[in-house]
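Residue-level structure breakdown
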Amino acid sequence: MEKQTIEFEGVPVGIVVPDEDKLKFIAVKFHVIGLDGQHFHSPEDVKTAIGRLLGKEQRPHVA
């Protein structure tokens, strides 16, 4: 995997870059700086952590 942009609620908030066997999150927006440098298993895990940090957990859309 290469670096990937992470968006939350349609706004780019950071990137993930491969770091050994995980993904390292690099924040580019101040409101998610608390997660900067943390490691995750997947981009979805990053988005879940952002939701928790902001008190806005994303829920899957049900049709």
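Shown above is the structure to which this text applies.
Residues numbered from 1 in each chain as written. Predicted model: local features only at pLDDT ≥ 70, side-chain atom pairs only at ≥ 80, totals over all residues. Heavy atoms only, no water.

**Considering the nonpolar core**
Considering soluble globular proteins, one finds that nonpolar side chains tend to be buried as a cluster. Among the nonpolar cores identified, the biggest contains 13 residues, and Ile6, Val13, Phe25, Val46 and Ile50 are the most heavily contacted of them. Breaking this core down by element, the ones donating at least two residues are β1 (4–8), β2 (11–19), β3 (22–27) and α1 (43–54). (Core = buried A, V, L, I, M, F, W, Y, C linked by side-chain atoms within 4.5 Å. Buried < 20%, exposed > 50% of the residue type's maximum accessible area, 1.4 Å probe, protein only. Helix = DSSP H or I, 4+ residues; strand = E, 2+ residues; numbered from the N terminus.)

**So, the sheet that holds β3**
One open sheet accounts for 4 strands, arranged β1-β2-β3-β4; its pairing is antiparallel. Unpaired on one side and paired on the other, β1 and β4 (39–40) mark the two borders of the sheet. Alignment of β1 against β2, held across 5 bridges, turns out to be antiparallel. Bridging from a neighbouring strand, phenylalanine 8 pairs with valine 11 of β2. Sitting on the sheet, α1 touches β1, β2, β3 and β4, and the angle it makes with β1 is about 35°. (Pairing = 2+ DSSP bridges. Contact = heavy atoms within 4.5 Å. Axes fitted to C-alpha atoms, helices over the stretch in contact; angles between N-to-C directions.)

**Here's the deal with unusual backbone geometry**
Residues other than glycine seldom take positive phi values, yet glutamate 9 does so here, at roughly 55°. Tracing the backbone shows glutamate 9 in the loop between β1 and β2. Not every positive phi belongs to a glycine, and glutamate 20 is a case in point at roughly 60°. Here glutamate 20 shows up in the loop between β2 and β3.

Shape descriptors only; they carry no functional weight alone.
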